[in-house]
Structure formats: C-alpha cells, structure tokens
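# Notes for the structure review
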Amino acid sequence: MAETIRELILQDIEGVLESRYDNIYRGRTQLEYGDLPCAVLLPGMESAERVYGEQRITLPISIYALQIIEDEDVGDLAEVLLGQLISDIVGNKDNIGYISDMQYSSGGVDTWPEQNEQALSVQIDIEILYSTNIGDPYNQKTI
C-alpha cells in the first residue's frame, strides 16, 4: 500500500531523530523507564486550504525528548535537550522531504520533574507546511 505524503514526512522526521535516539515512538504517551532515553512524535490535527488546484496543509507536530536525569542538573539538561531538538529538527529541515516550509512555534519544559522523579521531558512544537493534490493525499504537484 502506498504511503501518504504526511506519512513520508513523519518518516523523514524520525530519520533525522535516529542520529540521536535509539528509541523513537509516534503517538505514544505512556512510556516505561526502560524506553528512555527516547524521542516521541505526536502529530496533531492538520488544517488545509484549497489553493490553485492543490491542498495547502499545515501539520502541527509536538516532539518530545525524554532523558533520564541521573546526576545531571535538571535546568542545564533541559537547555541542552531543547537546543538539540531545535537544531536536529529545524536545523535539518532540508533533510525532510515533501515540505515547503517548517516553523518552530514553541518549546521548553511544560512540567518540571519533582525531586524524586527520574526523567525529564522537553518539548518543541513545529508546524510543517506541505501540499497535496486535491483529494489525493499520496501525490504532490510536480512543477
């Protein structure tokens, strides 16, 4: 079965993250300690508009980096993880096929871990802009 343009974009993002993480999960919100360190992709509900015979689509994606804290300073670790995510994803947007643009919309630590917690989660939110032929999520216009 053919893969949609959206699926191909998500696979490319996973490929970019593979340079840093052995474990990459998509659509998974419950993790075990043994899953860490890892990255998690949570693709959101996309929006689209019809323009000149194609669908121009905006796909929001939340990407999380989860790391075991160990003896690290949590504040320092958070900044390192945030910088890595931005650099790995936004800095490598040329390695993600099928997109017309990408923008970083937000990022950081949503909930800081309690003193007895063993992991830190850092998040970035991006918006991917891409297009498909109207009614055909498997193909894009060729120019």
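As a starting point, this report considers the structure included with it. (Residues numbered from 1 in each chain as written. Predicted model: local features only at pLDDT ≥ 70, side-chain atom pairs only at ≥ 80, totals over all residues. Heavy atoms only, no water.)

## Points about the layout of surface pockets
Size it by volume and the largest pocket reaches roughly 540 Å³. Contributing to the lining of the largest pocket are 21 residues, with Tyr64, Leu66, Thr111, Leu120 and Ser121 lying nearest its centre. Listing elements by their share of the lining of the largest pocket, those giving two or more residues are strand E2 (38-43), strand E4 (54-68) and strand E6 (119-133). Considering every element that reaches the lining of the largest pocket, the biggest residue donor is E6, with four residues. A class-by-class count of the residues in the lining of the largest pocket yields 11 nonpolar, six polar and four charged. (1 Å grid on protein atoms, 1.4 Å probe; cavity = no way out; pocket = protein on both sides within 12 Å on 5 of 7 lines; lining within 4 Å. Points joined across faces, edges and corners; volume = space filled by probe spheres on them. Helix = DSSP H or I, 4+ residues; strand = E, 2+ residues; numbered from the N terminus. Nonpolar A, V, L, I, M, F, W, Y, C, P; charged D, E, K, R; others polar.)

## Regarding the pattern of salt bridges
All chains considered together, the criterion is met by seven salt bridges. Here glutamate 46 and arginine 6 are joined by a salt bridge, their closest N and O atoms 3.1 Å apart. Taken together, the residues span a long stretch of sequence, with glutamate 46 in the loop between E2 and strand E3 (47-51) and arginine 6 in helix H1 (residues 5-17) at a distance of 40 residues. Residue arginine 56 pairs with glutamate 54 through a salt bridge whose shortest N-O separation is 3.3 Å. Of the residues examined, arginine 56 reaches a relative accessible area of 40% and is grouped as partly exposed. The structure contains a network of salt bridges with shared partners spanning Glu7, Glu14 and Arg26. (Salt bridge = Lys/Arg side-chain N within 4 Å of Asp/Glu carboxyl O. Buried < 20%, exposed > 50% of the residue type's maximum accessible area, 1.4 Å probe, protein only.)

## A look at unusual backbone geometry
Note the cis peptide between leucine 36 and proline 37, where omega equals -5°. Topologically, proline 37 is positioned in the loop between strand E1 (23-26) and E2. For glutamate 70, which is not a glycine, the phi torsion comes out positive at approximately 50°. A positive phi is found at tyrosine 98, a non-glycine position, where the angle reads about 75°. Looking at where tyrosine 98 falls in the secondary structure, it is placed in the loop between helix H2 (74-89) and strand E5 (99-108). We classify tyrosine 98 as partly exposed; its relative accessible area is 39%.

## A closer look at the environment of aspartate 71
Residue placement: aspartate 71 occurs in the loop between E4 and H2. Judged by its relative accessible area of 82%, aspartate 71 falls in the exposed class. Residues aspartate 71 and glutamine 118 lie 47 residues apart in sequence; the distance between their C-alpha atoms is 9.9 Å.

## Here's the deal with the side chain of serine 131
For serine 131, the position within the fold is in strand E6. The class for serine 131 is buried, based on a relative accessible area of 16%. Separated by 3.5 Å, the side chains of serine 131 and glutamate 54 make a polar contact. Apart from residues lying up to four places away in sequence, serine 131 is in contact with Ile5, Glu54, Gln55, Arg56 and Gln140. (Polar contact = N/O pair within 3.5 Å; in protein donor to acceptor, adjacent residues only side chain to side chain. Contact = heavy atoms within 4.5 Å.)

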